[in-house]
Amino acid sequence: MTELEVSWRGAQDHARHLGTSHLEPMVARQLATAVGLVAVVQGAASETEKALAYERIRKIRRQIGSGVRIPQQAELAITRMARPSLTAAADAARP
């Protein structure tokens with residue numbers, strides 16, 4: 001099991017413990033999208049695909065703001081997993 005999977009499961013357990021019924025439907029949908037994007041980061045066919053999924057996760061995180069607590073360990077695991085992709089995407093964008 002990868003560090004990301006362990007972190008994500010911890011975040012999911014925490015969310016289940018607290019419950020999510022208090023979340024606005026839009027926030028719940030955004031979180032569901034982020035979960036799907038984590039799977040893309042894990043199994044992306046290319047570094048560009050991985051980098052794009054990571055950027056979408058970050059955008060969702062900014063939109064959600066501080067209304068939802070996401071464990072720092074989970075955020076760091078996602079960043080570590082996407083890091084090679086971010087470097088590759090930056091290199092590809094250079095003229």
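Residues numbered from 1 in each chain as written. Predicted model: local features only at pLDDT ≥ 70, side-chain atom pairs only at ≥ 80, totals over all residues. Heavy atoms only, no water.

Colleague: Please clarify how the pattern of salt bridges should be interpreted in this entry.
Modeller: Any two side chains of opposite charge can pair if their charged atoms end up close together. In the structure shown here, the tally under the stated rule is three salt bridges. One salt bridge in this structure joins Arg80 and Glu3, with 2.3 Å as the shortest N-O distance. Placement of the pair is Arg80 in helix 4 (residues 72–93) and Glu3 in helix 1 (residues 3–18), with a sequence separation of 77 residues. Look at Glu3 and you get partly exposed, because its relative accessible area is 43%. Here Glu55 makes a salt bridge to Arg58, at a shortest N to O gap of 3.5 Å. Taken as a pair, Glu55 and Arg58 lie in helix 3 (residues 47–64) at a separation of three residues, close to a single helical turn. On the basis of relative accessibility, which here comes to 35%, the residue Glu55 falls in the partly exposed class. (Salt bridge = Lys/Arg side-chain N within 4 Å of Asp/Glu carboxyl O. Helix = DSSP H or I, 4+ residues; strand = E, 2+ residues; numbered from the N terminus. Buried < 20%, exposed > 50% of the residue type's maximum accessible area, 1.4 Å probe, protein only.)

Colleague: Before we go on, may I ask you to explain the environment of Val41 in this structure?
Modeller: Here Val41 is to be found in helix 2 (residues 25–43). Judged by relative accessible area, Val41 falls into the buried class, the value being 1%. Along the backbone, Val41 and Tyr54 are 13 residues apart, and their C-alpha atoms lie at a distance of 6.5 Å. Excluding anything up to four places from it in sequence, Val41 contacts Lys50, Ala53, Tyr54, Ile57, Met81 and Ala82. (Contact = heavy atoms within 4.5 Å.)

Limitation: the analysis is restricted to geometry and does not speak to function.
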